[in-house]
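# Structure assessment
Chain by chain, the residues run as shown.
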Number of protein chains: 2
Amino acid sequence: MSAEPRWLSGTEEQAWRGLLRMHDLLVSRAGRSLQSRFGLSGTDYTVLAELTRAADGRLRMSELAQVLGWEKSRLSHHLTRMAKRDLVAREECADDRRGAFVVVTPQGRAAITAAAPHHVADVRRYFLDHLTPGQIALLGEIAELVVRKNGAED
Amino acid sequence: MSAEPRWLSGTEEQAWRGLLRMHDLLVSRAGRSLQSRFGLSGTDYTVLAELTRAADGRLRMSELAQVLGWEKSRLSHHLTRMAKRDLVAREECADDRRGAFVVVTPQGRAAITAAAPHHVADVRRYFLDHLTPGQIALLGEIAELVVRKNGAED
């Protein structure tokens, strides 16, 4: 780059570094609890949550990557590990160029059903309980905006 | 749990799920660029950023885990990989029970110096440019609050 970089201001740095730190801290706290009680990583939980929210418990790989905000390679690696544990299954469709489906298995559904009440309580305890309704709403709006703006660039 | 779980409201869900999705999307975008141009993962960058911000480019493992919001086991695994690539080095101190230091190497410092202008431009392009100064400030405050509240519980 030829021009002098526009380094982040203190406030900008606080937002970006704060986002990374807050995320990693919350995921670490909530993930530790999921792992010790239910043998699920936070990432397993997030994948299962998206699948069980979808009609018939199934999504195309590409849709799932999109809704998670993940690279397809990361998703593919993670699904391989989850499939070995019988939490999800892949359904190839040879005659459909839009790509394979991922479906939650009965065992995956049972795992998230058992974990969900505890996980939601953790999300409240570590995160939502510290914020006002106004802060919660604003954070949701910011996230939605950033996701939409980036999605539109693809 | 005996009582009926307090499931998340739509707004709460938007904040929590939005936080995960926004984070993963931004880390994926910025990380892809770091990896392809500089051979650094986003995580490598974050570790190097914290170390180069510290006096003498060194922090105790425990301080670094705290400031990143990471489990110590995750940090330890990641530092092993970074040390193999000569980006950081560990300094054990046998006579000090407060634990080992991590220090950025000259090669690690050169790597982040080269990557920083591009990375900051990416953070602006994918994230900050979409937000108002008020949103940026609020997000920073929310992150600081959540990190502080959780830190205080330990």
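The structure contained in this document is the topic of the report that follows.

Conventions and cut-offs
Residues numbered from 1 in each chain as written. Chains lettered and ligands numbered in written order. Predicted model: local features only at pLDDT ≥ 70, side-chain atom pairs only at ≥ 80, totals over all residues. Heavy atoms only, no water. Helix = DSSP H or I, 4+ residues; strand = E, 2+ residues; numbered from the N terminus. Expected span 1.5 Å × (residues − 1). Buried < 20%, exposed > 50% of the residue type's maximum accessible area, 1.4 Å probe, protein only. Bend = angle between axes of the 7 residues up to and from the residue. Contact = heavy atoms within 4.5 Å. Buried area = accessible area lost by both parts, 1.4 Å probe. Salt bridge = Lys/Arg side-chain N within 4 Å of Asp/Glu carboxyl O. Polar contact = N/O pair within 3.5 Å; in protein donor to acceptor, adjacent residues only side chain to side chain. Axes fitted to C-alpha atoms, helices over the stretch in contact; angles between N-to-C directions. Parallel < 35°, antiparallel > 145°, perpendicular 65-115°, else oblique. Left-handed = near helix turned anticlockwise from the far one by under 90°. Nonpolar A, V, L, I, M, F, W, Y, C, P; charged D, E, K, R; others polar.

When the terminal C-alpha atoms of helix α2 (residues 42-53) of chain B are compared, their 16 Å separation across 12 residues agrees well with the 16 Å that a helix rising 1.5 Å per residue should span. Regarding α2(B), the residues found buried are B:Asp44, B:Tyr45, B:Thr46, B:Val47, B:Leu48, B:Ala49, B:Glu50 and B:Leu51.

All right, on to helix α5 (residues 106-126) of chain A then. Along an α-helix, a turn takes 3.6 residues, which lines up residues three or four apart on a common side. A rise of 1.5 Å per residue sets the reference length of α5(A), with its 21 residues, at 30 Å; its end C-alpha atoms lie 30 Å apart and thus fit the reference within 8%. Where α5(A) bends most, at A:Ala116, the angle is about 45°, and the proline A:Pro117 comes one to four residues later.

All right, on to the interface of chain B and chain A then. On the side of chain A, 65 residues touch chain B, which itself brings 65 residues to the contact. Around 6800 Å² of area is buried between chain B and chain A when both sides are counted, 65% of it from carbon and sulfur atoms. Where chain B meets chain A, there are 10 salt bridges. B:Glu50 is the partner of A:Arg17 in a salt bridge, and the nearest nitrogen-oxygen pair spans 2.8 Å. Where chain B touches chain A, the interface holds 25 residue pairs in polar contact (both at pLDDT 80 or more). At the level of secondary structure, the elements contributing two or more residues to the side of chain B that touches chain A comprise α1 (10-38), α2, α3 (61-68), α5 (106-126) and α6 (133-153) of chain B.

Turning next to the packing of helix α2 (residues 42-53) of chain A against helix α3 (residues 61-68) of chain A. Two measures define how a pair of helices packs: the angle their axes make with one another and the distance between the axes. Residues and elements named next belong to chain A. Running from amino to carboxyl end, α2 crosses α3 at an angle of 120°, the nearest separation of the two axes being 11 Å. Compared by their axis directions, α2 and α3 come out oblique. The interaxial crossing formed by α2 with α3 has right-handed handedness. On α3, the residues touching Thr46, Val47, Glu50 and Leu51 of α2 are Leu64, Val67 and Leu68. A class-by-class count of the residues in the contact of α2 with α3 yields five nonpolar, one polar and one charged.

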